[in-house]
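Residues per chain are reported as follows:
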Amino acid sequence: MKFARIIWANLLRKKVRLLLTIGSFAVALFLFVFLAVVRDAFNRGADVASADRLVVINRTSIINPIPLSYRDKILRIPGVKAVTHNNWFGGIYIEEKNFFPQFVIDPENQRTVFSELVVPDDQWKAFLNDRQGAIAGAKLAERFHWKIGDRIPIKTTFYGGASWEFNLVGIYHGNKPQSDETQFWLQWDYFEEKVPERDKGRIGWYVLRIDNPDDAPRISQAIDDEFANSPFETKTQAESAFAANWVKQFGNIQRLIVSIGVVVFFTLLLVTGNTMAISVRERTSELAVFKAIGYSDRSVLFFVLAEALTIALIGGLLGMLLAIVAVPGLAAALNGLLPSIVLAPKMLAFGLVVAIFTGFLSGFLPGMNAMHLRIVNALRRV
Amino acid sequence: MVNVDGSGGKGGLIQVRDLDKTYRRGGEEIHVLQGLNLDVSAGEFVAFMGPSGSGKTTLLNLLGGLDVPTRGSINVAGDEITHMSAGKLTEWRARHVGFIFQMYNLIPVLTAFQNVELPLLLTKLSKAERRTHVETALSIVGLTDRMNHFPRQLSGGQEQRVTIARAIVSDPTFLLCDEPTGDLDRKSADEVMALLEELVGSHHKTVLMVTHDPLVAARAHTILHLDKGVLVEGSKFPNSIPAGGVA
C-alpha cells in the first residue's frame, strides 16, 4: 500500500514513545487475557458439564453427606442410566500449598458417567485390583513429576490426620481441551474401610447420567420427591448449575474480574488516546500541509487511525505472545487452585478484538480533530 | 495581463470579483479584503506586497482554496471555487494549486524524494511513473543528488527547493508562494527566486507570491500592493530582469 511508508515514518518519529506505548499495550493486553483465562477457568466446570448429567447433593449443603443407600433408589427412577458417587477427600500432599482436588470414586460406574476422562484399560484394571490404587489427572502428574508406580502419601484433614498411602496406578486424560486433568481419584472401598464408623456408608454427592437431557427437570423432581421429609433431603440439579453454584462459593468472582478488566481497558484507552492526541498535536502544521496539497479529511483521519491501529496490533500481538509464554507458568504458580487454566484460541481472538477496538477508539478522537483542522489556522502553528 | 479594476475579460486564468473577507474578533468585525478585483493571465508572475495585517496571506489563502470568502467570487481556469464543497475544493487544490510556504513545511520524517512524491500518491500513477515525475521535479530544482536526504540534512535553501519541487511535481495550474524567501539568507533567496523565474519563463507556470521584500518582489512581472483591503497596481517590470540582478 502506497501510504504505508507515511504511516511507518510517522510511527517511528518518536521511537521511545512508540516503544513505551506498545509496551503498555502489550502488558495491558496480557493482563486482560490473563483475567479472561482465570474467569474462564472458574466457569470451566459449567463449560465441560454434560447436558445428560445430574448432580445430587444434600439439600442443606454439599458438605453434608447423603447415604449410600440412596443409590439403588435413584437407579430405579425411570430415565436414569447410571449412577456414581464421590466424596471430597480434602487431604494434604506433603504441604498445604500443594492443593489439588482429591475425589473418592466409585470404580464400578466412574467411567460410565465420566466417559470424557479417559483411563487406559490396563491402568484401569490395575486400579480395580489395588485397593490402595490411585489415578491422577495428566496435569497433576506432570505438576508433581509423578509416574506410575509412585507411592503417594496424603495426610487427611477430616479423618484423624493420619497419612494415607496410595499407589499411583493410572493417569487419565481428558478428551476435550478444557477437561479438568488436575483431579486425584482414590478407591471407595479403601476409603470406606478406613474412615471412622460415623462416616461409613455416607457419600458426598451422586452424579448420574440420564437417557435424555430433556427429562432432566422431571428426573430431578422425582429424586428430590423420593427423599423429601427424610433426614437427608436432596437437591438435584444439572451438572452445569451445580458447577455454577460451586463458583459462587468463591464470591462474585465474575464481577471482580470483569471490573478489573474494565479498569485495565479504560486505563489503556487513556494512555494510548493521550499518546495519539499528543502525537497529532505535535504535527498539526504537517497535517495541514497534507490537507493543503490535496489530501482529503478522510485521508487524514485514516492516517491517524492507521497509526493507532498499528500500535494496537503490534502491542496486542506482543501481549498475546506474552500470554502464550506466561500463562502456563502462572497456572503452575497457582498450585492447582483453579481446575485448569487454559489459554484457548478464543481468548487470543478476544484479546486481539479488544486490542483493535482500543486502537480504534484511541485514534478516533485525535483523528477527528485532525480531520477538522482549519488549514489556515494550523499552518500558522510551526 | 494583470488587472485590478475588474475590467479583465473572461479569458484570463484567474478572475476575482468583489471579494470580501471579514473576520470577527472579540465582537468586532475586521474587514480584511473589501470588494477586491483581480485578473491574472496564465504565465504571469505577480507579487503582492503590503504591511503586516493588510491581508496578503488571506488573499493567497482564498486564491488557493484554503479559506472561503465572505462575499465575492473566484474563478480559476473556468472553475468557480467559492461555492465548491470542502471535498471538491480539496480535489481542486490537488489538481490546480502548488503551495510554497515560508517555513517550507516539509514532512521531517520523509526524505526529499518522499516529500515530493506526496501529491502524486493521490493520483493513479504507477510507482515507476511517480518516480519519473519526482526525479524530473527534483532535477528542475537541482536536487537530484539530495533526493534521499531528510529535511534536517538539507540547508534552508535546499529545503525550499524541495518544497518547490513538491509544488510543481503534479504540474498544477498555478503556484502560490507565501513569503518563499522569508526565512532564507540573501544567497539562498536569490537561488529560490531564480528558480521561480525559470518556472515562469521556461515552464510557463503562473506564480502568485506574497512578500515583504522589495528586492524579491522586483523579480516578479507585476507588483500589486494591498491597501485598505483592495489591490493597487505597483511598478511593473518587463520579463527580462536577470536572475540575481537586483539582489
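Since this is a predicted model, take the numbers as computed values, not measurements. (Residues numbered from 1 in each chain as written. Chains lettered and ligands numbered in written order. Predicted model: local features only at pLDDT ≥ 70, side-chain atom pairs only at ≥ 80, totals over all residues.)

**Student:** How should I be thinking about the overall build of chain A in this particular structure?
**Tutor:** Helix and strand counts for chain A stand at 14 helices and twelve strands. Counting over 382 residues, chain A shows a buried share of 38%. In chain A, the share of contacts with a sequence separation of at least 24, taken over all contacts with a separation of at least 6, comes to 83%. (Helix = DSSP H or I, 4+ residues; strand = E, 2+ residues; numbered from the N terminus. Buried ≥ 20, exposed ≤ 12 C-beta atoms within 10 Å, placed from the backbone. Contact = placed C-beta atoms within 7 Å.)

**Student:** Is there a simple way to explain the confidence of the model for chain B in this structure?
**Tutor:** One rule of thumb: low pLDDT means the predicted coordinates there are not for detailed reading. Residues and elements named next belong to chain B. Confidence along chain B averages 89 in pLDDT terms, with 94% of residues attaining 70 or more. Mean pLDDT across the secondary structure elements of chain B bottoms out at strand E11 (residues 230-236), with 72, and peaks at helix H3 (residues 112-117), with 96. Counting contacts from residues 237-247, a segment whose pLDDT is below 50, to residues more than four positions away or on other chains yields 17 contacts. Across the assembled chains, the prediction reports ipTM 0.90 with pTM 0.72. (pLDDT = per-residue confidence, 0-100.)

**Student:** Help me understand the sheet that holds strand E3 (residues 28-40) of chain B in this model?
**Tutor:** Sheets are built from strands that pair by backbone hydrogen bonding, the pairs being arranged parallel or antiparallel. Residues and elements named next belong to chain B. Strand order in the open sheet formed by five strands is E1-E3-E2-E5-E6, with antiparallel pairing between adjacent strands. Every interior strand has two partners, whereas the edge strands, strand E1 (2-3) and strand E6 (79-80), have only one. Here two bridges tie E1 to E3, and the two strands are oriented antiparallel to one another. Counterpart to Val-2 in the pairing with E3 is Val-40. (Pairing = 2+ DSSP bridges.)

**Student:** What's the story with the environment of Leu-208 of chain B in this structure? I'm lost.
**Tutor:** All names here are of chain B. With respect to the secondary-structure elements, Leu-208 resides in strand E9 (residues 206-210). A residue is classified by how many C-beta atoms lie within 10 Å of it, and Leu-208, with 26 of them, is buried. In this structure, the C-alpha to C-alpha distance between Leu-208 and Val-2, residues 206 residues apart in sequence, is 11 Å.

**Student:** Any chance you could explain the interface of chain B and chain A here in plain terms?
**Tutor:** Put simply, an interface is often sized by how much accessible area is lost when its parts join up. On the chain A side, the residues contacting the 20 residues of chain B number 18 residues. Among the elements that line the side of chain B that touches chain A, the one with the most residues is helix H2 (residues 86-96) of chain B, at five residues. The class makeup of the residues in the side of chain B that touches chain A is twelve nonpolar, five polar and three charged. (Nonpolar A, V, L, I, M, F, W, Y, C, P; charged D, E, K, R; others polar.)

**Student:** Explain the domain arrangement of chain A to me, please; I cannot follow it from the model alone.
**Tutor:** Structurally, chain A comprises domain 1 (4-45 + 252-380) and domain 2 (60-232). Look at where the C-alpha atoms of domain 1 of chain A and domain 2 of chain A centre, and you get two points 46 Å apart. (Domains from an automatic or database assignment.)

**Student:** I would appreciate a short explanation of the environment of Asn-274 of chain A in the present structure.
**Tutor:** Residues and elements named next belong to chain A. When you line up the elements, Asn-274 lands in helix H10 (residues 253-282). By the C-beta count within 10 Å, which is 13 here, Asn-274 ends up partly exposed. Each C-alpha atom, one on Asn-274 and one on Asn-212, is 57 Å from the other, the two residues being 62 residues apart in sequence.

**Student:** Whenever I open this one, the nonpolar core confuses me. Can you help?
**Tutor:** Most often, soluble globular proteins keep nonpolar side chains buried together rather than apart. Judged by nonpolar contacts, the single largest core of 117 residues is most densely connected at Leu-29 and Val-33 of chain A together with Val-46, Ala-165 and Val-207 of chain B. Considering every element that reaches this core, the biggest residue donor is helix H2 (residues 15-48) of chain A, with 14 residues. In terms of nonpolar packing, the next biggest core, distinct from the first, is built from 47 residues, Val-56, Phe-127, Ala-216 and Ile-223 of chain A among them. (Core = buried A, V, L, I, M, F, W, Y, C linked by C-beta atoms within 7 Å.)

**Student:** When you look at unusual backbone geometry in this model, what are you seeing that I'm missing?
**Tutor:** What you tend to see is this: most non-glycine residues have negative phi, and most peptide bonds are trans. We note that Ile-94 of chain A has phi near 65°; this positive angle belongs to a residue other than glycine. The residue Ile-94 of chain A is located in the loop between strand E3 (80-88) and strand E4 (102-105) in this model. One non-glycine residue with positive phi stands out, namely Asp-171 of chain B, at about 55°. Among the structural elements, Asp-171 of chain B can be located in the loop between helix H5 (156-168) and strand E8 (174-178). Taking the number of C-beta atoms within 10 Å as the measure of exposure, Asp-171 of chain B has 14 and is therefore partly exposed.

**Student:** How should the pairing of strand E12 (residues 234-238) of chain A be read in this particular structure?
**Tutor:** Working note: regular strand, side chains alternate between the two faces of the sheet. Residue and element names in this part refer to chain A. Across the five residues of E12, four count as buried, placing the element largely inside the fold. By the bridge criterion, five bridges tie strand E1 (residues 53-58) to E12 in an arrangement that is antiparallel. In the sheet register, Asn-58 faces E12, and the bridge partner there is Thr-234.

**Student:** I tried to follow helix H6 (residues 186-201) of chain B on my own but got confused; where do I start?
**Tutor:** With 16 residues, H6 of chain B should reach 22 Å at 1.5 Å per residue; the first-to-last C-alpha distance of 22 Å fits that figure. Those residues of H6 of chain B that are buried lie in contact with strand E4 (45-49), H5, E8, E9 and helix H7 (214-217) of chain B. (Expected span 1.5 Å × (residues − 1).)

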